[in-house]
Amino acid sequence: MYCYPEDKVQHTACNGSNGLGLYSRPFIESFEETPMLVAVLTYMGYGILTIFGYLRDFLRDWKIERCHVAREREEQRDFVPLYQDFENFYTRNLYMRIRDSWNRPICSVPGAKVDLVERVSPDYNWTFDYTGKVVEGVINMGSYNYLGFAENTGYCADASAEVTMKYGVGVASTRQEMGNLDRHEEMEELVAKFLGVESAMAFGMGFATNSMNIPALTGKGCLILSDELNHASLVLGARLSGSTIRVFKHNNMQSLEKMLRDAIVHGQPRTHRPWKKILILVEGIYSMEGSIVRLPEVIALKKRYRAYLYLDEAHSIGALGPGGRGVVDYFGLDPRDVDVMMGTFTKSFGAAGGYIGGRKELLEYLRSHSHSAVYAASMSPPVVEQIIASMKCIMGEDGTTLGRDRVQQLAENTLYFRRRLTEMGFIIYGNNDSPVVPMMLYMPAKIGAFGREMLKRNIGVVVVGFPATPIIESRARFCISAAHTKDMLDTVTIPPCLAQNGCLFHIKDIKSACTPSLLPLLPLELKPPFDVTLSVFTLSLGLGGIPYFMIYRY
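Nothing here was measured: the structure is a model prediction, and the numbers come from that model.

**Structural notes on the overall build of the protein chain**
Thought 1: Scanning the protein chain from terminus to terminus reveals 17 helices and 19 strands.
Thought 2: Residues counted as buried form 54% of the 554 residues belonging to the protein chain.
Thought 3: Partitioning the intrachain contacts of the protein chain with sequence separation of at least 6 by distance along the chain shows that 68% fall at a separation of at least 24.

Structure, rendered in structure tokens:
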């Protein structure tokens, strides 16, 4: 359904006629299209950055400006370049301007609040010096700590410490040799029970769970249908498999069905033989969009066209559903309808690694054919115990309601925070129930500036831009946690934090532009002589020392 209210264009997906009556609960996602003026100004910003980038490269070539980036030695100038030129150009001229917004070192438990090691850069983010000071009590809005299990006290931490004393930290072997502990077996049985599947298998790295197992499931003569916004691990796994890959529009069931129909009718290119198998790759929650997969429709299509379904629940497991069992639980579906259930322990469980669940025959096959199973070292015992303890907590097998309470608290915090941002006029993406909340910034200069300004107010956020997002859709991404209190969420949203920054960088909806009540909160030098009525936009222009010019129109 497309809505055109007054001054904005918004695409809203709902569970109406397109849902084929498959949904038992409201399913609403909103994605506001980038305004034309904002898109033009964003392209201008990147264009200006590129022009100045070439100018600075010219100065570096003539030794006028020092070049810090890695490059070939003089005697290797005639060799094929070891470094990709455009990637290097982007890194040294665009990324370096805002590099201080990432890789910030923390020196505490990454819970609802964190302590950051203060650092400064004497050469515009090429290198960093540590001041020896610590920024304490920064509200953590960037970690995937959905259920708050990233903690150093409590039931899970105590269980991990006890296992460390008994088993040690490392195993120093693969599962197939001398690294298969009884705790590994218990963990996999618990994961299978939690997911509601016949069997499950754990891996030491979430990324490798996708990239190393998809090649074991498909190969030459197979077709992979992948959502255009799938994670890099899914993309890499699909490419390594040697299968033919076709990409359908994000969460667009018409696009997916057309590709399925074409695959059945036309078969393989040139020979037109039937595909050996067709595998659909989707995610539960898409980490950059905050959207939830339209799983009931995907399952209906895969059944109709006899395809296989690979579901990545890295962000949705633990974070969705009344029992925290992910997107399958969220929609009230049968886990047996998903052929391959994948997820990670790095987010909701506060641990590390990933898993695959499904039929017993599938898991027995992967145990002997997956590179990640055959060659990778076993998971660390304390990490395994953290998974077991947190999962038992969610299932209520620890004798308390702590896990269930955290799942409920996460859902409440998500709805509250999304509602607050919407009421304040910010443009946010995704599903109403998704704990991943992207807030649109659009222009390149706002990426670093917004992250810095929020940190000044003791709030840590993740800012994301091209190439991780489309070039005109830079954003700040908030990750909600059950560990966040209402006071913390209010601190993030009320003045002088998001409210003031929303006016300062004009990242609010036009109708919610800076009101007189917010003007006293702005710095004195930014206060206009009269009400703000038009837009504020930011262009990245500077040469190192002055990276941003703010242009205000009153």
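**Here we look at the side chain of Arg 60**
Thought 1: By secondary structure assignment, the location of Arg 60 is in helix H1 (residues 36–61).
Thought 2: Note on Arg 60: relative accessible area 3%, which makes it buried.
Thought 3: The residues contacting Arg 60, other than those within four sequence positions of it, are Glu 65, Arg 66, Cys 67, Arg 92, Asn 93 and Trp 126.

**Side note on the UniProt feature "transmembrane region" (unreviewed entry) in the protein chain**
Thought 1: UniProt's entry tags residues 36–55 and 532–551 with the feature "transmembrane region" (unreviewed entry), counted in the numbering of this structure.
Thought 2: The span residues 36–55 is 100% helical and 0% strand by assignment, and the distance between its end C-alpha atoms comes to 29 Å.

**Considerations on the packing of helix H8 (residues 253–266) against helix H9 (residues 295–304)**
Thought 1: Contact geometry of H8 with H9 gives a least axis separation of 11 Å together with a crossing angle of 10 degrees. By the angle class used here, H8 and H9 are roughly parallel. Here H8 contributes Met 253, Leu 256, Glu 257 and Leu 260 to the contact with H9, which in turn contributes Glu 297, Val 298, Leu 301 and Arg 304.
Thought 2: For the contact of H8 with H9, a count of residues per class yields 5 nonpolar, no polar and 3 charged.

**Quick look at a nonpolar patch on the surface**
Thought 1: A cluster of nonpolar side chains, Leu 55, Phe 58, Trp 62 and Ile 64, forms an exposed patch at the surface whose accessible area comes to about 480 Å².
Thought 2: Mapped onto the elements of the fold, Leu 55 is located in helix H1.
Thought 3: Leu 55 gets classed as partly exposed once you look at its relative accessible area, which sits at 39%.

**Details of the nonpolar core**
Thought 1: Counting 98 residues, the largest nonpolar core has Met 141, Phe 345, Phe 450, Phe 478 and Leu 498 as the members making the most contacts within it.
Thought 2: Those residues within four positions of Leu 498 in sequence are excluded, and the remaining contacts are Leu 421, Met 424, Phe 426, Met 439, Phe 450, Met 454, Phe 478, Val 492 and Thr 493.
Thought 3: Core analysis: the next-biggest nonpolar cluster, separate from the first, contains 18 residues, Met 201, Ile 224, Tyr 310 and Met 342 among them.

**Some points on the sheet that holds strand S14 (residues 436–442)**
Thought 1: The strand order across the open sheet built from 3 strands is S14-S17-S16, with neighbouring strands paired in antiparallel fashion. Each edge of the open sheet is held by one strand with a lone partner, namely S14 and strand S16 (462–464). Across the sheet, the axes of successive neighbouring strands diverge by a mean angle of 25 degrees, strand direction being ignored.
Thought 2: As paired strands, S14 and strand S17 (residues 474–479) are joined by 6 bridges and run antiparallel to one another. Bridge pairing links Val 436 to Cys 479 in S17.
Thought 3: In the packing of helix H14 (residues 402–423) onto the sheet, contacts are made with S14 and S17, and the angle to S14 comes to roughly 25 degrees.

**Considerations on the packing of aromatic side chains**
The way to describe two aromatic rings as a pair is by their centre distance and the angle between their planes.
Thought 1: Scanning the model with the defined rule gives 14 aromatic pairs in all.
Thought 2: Note on Phe 345 and Phe 349: the rings are 5.8 Å apart at their centroids and 70 degrees apart in plane angle, and the pair reads as edge-to-face. Each member of the pair Phe 345 and Phe 349 is classed as buried.
Thought 3: A centroid spacing of 5.4 Å and a plane angle of 45 degrees characterise the contact between Phe 345 and Tyr 355, whose relative ring orientation is tilted. Taken together, the residues span a long stretch of sequence, with Phe 345 in the loop between strand S11 (340–344) and strand S12 (354–358) and Tyr 355 in strand S12 at a distance of 10 residues.

**Side note on helix H4 (residues 182–195)**
Thought 1: The terminal C-alpha atoms of H4 lie 20 Å apart, and with 14 residues this matches the ideal 20 Å at 1.5 Å per residue to within 8%.
Thought 2: Taken as a whole, H4 has its buried residues at Arg 183, His 184, Met 187, Glu 188, Leu 190, Val 191, Ala 192, Phe 194 and Leu 195.
Thought 3: The elements touched by buried residues of H4 are helix H3 (155–167), strand S6 (199–203), S11, S12, helix H11 (360–369) and helix H13 (381–395).
Thought 4: Positive backbone phi, at 80 degrees, marks Gly 196, one or two positions downstream of H4.

**Topic: the pattern of salt bridges**
Thought 1: A full pass over the atoms with the stated rule returns 27 salt bridges.
Thought 2: In this structure, the salt-bridge partner of Arg 452 is Asp 100, at a minimum N-O distance of 2.7 Å. Of this pair, Arg 452 sits in helix H15 (residues 444–456) while Asp 100 sits in the loop between helix H2 (85–93) and strand S4 (113–120); the two residues are 352 residues apart in sequence, bridging distant segments of the chain.
Thought 3: Judged by relative accessible area, which is 21%, Arg 452 ranks as partly exposed.
Thought 4: Across the pair Arg 175 and Glu 188 runs a salt bridge whose closest N-O atoms are separated by 3.0 Å. Of the two residues, Arg 175 sits in the loop between H3 and H4 while Glu 188 sits in helix H4, which places them 13 residues apart along the sequence.
Thought 5: The exposure class assigned to Glu 188 is buried, which follows from its relative accessible area of 5%.

**Quick notes on H8**
Thought 1: Relative to the 20 Å expected for 14 residues at 1.5 Å per residue, H8 spans 20 Å between its end C-alpha atoms, a close match to the ideal helical length.
Thought 2: Along H8, the residues classified as buried are Met 253, Ser 255, Leu 256, Glu 257, Leu 260 and Ala 263.
Thought 3: Buried-residue contacts for H8 involve strand S7 (223–227), strand S8 (244–248), strand S9 (278–283) and H9.
Thought 4: Its side-chain oxygen placed 3.0 Å from the backbone nitrogen of Gln 254, Asn 252 serves as the N-cap of H8.
Thought 5: Phi turns positive, to about 70 degrees, at Gly 267, one or two residues after H8.

**Some words on the sheet that holds S7**
Thought 1: Ordered in space as S6-S12-S11-S10-S9-S7-S8, the 7 strands form an open sheet in which the pairing is mixed. The sheet is open, and its two borders are formed by S6 and S8, each paired with just one other strand. Across the sheet, the mean angle from the axis of one strand to that of its neighbour is 20 degrees, orientation sign disregarded.
Thought 2: Two elements, S7 and S9, share 4 bridges in a ladder whose sense is parallel. In the sheet register, Ser 226 faces S9, and the bridge partner there is Leu 281.
Thought 3: On top of the sheet, H4 reaches S6, S11 and S12; it is set at about 125 degrees to S6, its chief contact.

**A look at the packing of H4 against H13**
Thought 1: Relative orientation of the contacting elements H4 and H13 amounts to 30 degrees, with a least axis distance of 10 Å. When the interaxial angle is binned, H4 and H13 end up roughly parallel. Two packed elements cross with a definite hand, and for H4 against H13 that hand is left-handed. Two secondary-structure elements touch here, H4 through Arg 183, His 184, Glu 186, Met 187, Leu 190, Val 191, Lys 193 and Phe 194 and H13 through Val 384, Glu 385, Ile 387, Ile 388, Met 391, Lys 392, Ile 394 and Met 395.
Thought 2: Class assignment for the residues of the contact of H4 with H13 results in 10 nonpolar, 1 polar and 5 charged.

The rules behind these values
Residues numbered from 1 in each chain as written. Predicted model: local features only at pLDDT ≥ 70, side-chain atom pairs only at ≥ 80, totals over all residues. Heavy atoms only, no water. Helix = DSSP H or I, 4+ residues; strand = E, 2+ residues; numbered from the N terminus. Buried < 20%, exposed > 50% of the residue type's maximum accessible area, 1.4 Å probe, protein only. Contact = heavy atoms within 4.5 Å. UniProt positions renumbered as here; feature names shortened; annotations may be inferred. Axes fitted to C-alpha atoms, helices over the stretch in contact; angles between N-to-C directions. Parallel < 35°, antiparallel > 145°, perpendicular 65-115°, else oblique. Nonpolar A, V, L, I, M, F, W, Y, C, P; charged D, E, K, R; others polar. Patch = residues over 30% accessible without salt bridge, like charges linked within 9 Å, V, L, I, M, F, W, Y side chains within 5 Å. Areas by Shrake-Rupley, 256 points an atom, 1.4 Å probe, with all protein chains shown as cover. Salt bridge = Lys/Arg side-chain N within 4 Å of Asp/Glu carboxyl O. Core = buried A, V, L, I, M, F, W, Y, C linked by side-chain atoms within 4.5 Å. Pairing = 2+ DSSP bridges. Phe/Tyr/Trp six-rings, centres within 6.5 Å; stacked < 30°, edge-to-face > 60°. Expected span 1.5 Å × (residues − 1). Polar contact = N/O pair within 3.5 Å; in protein donor to acceptor, adjacent residues only side chain to side chain. Left-handed = near helix turned anticlockwise from the far one by under 90°.

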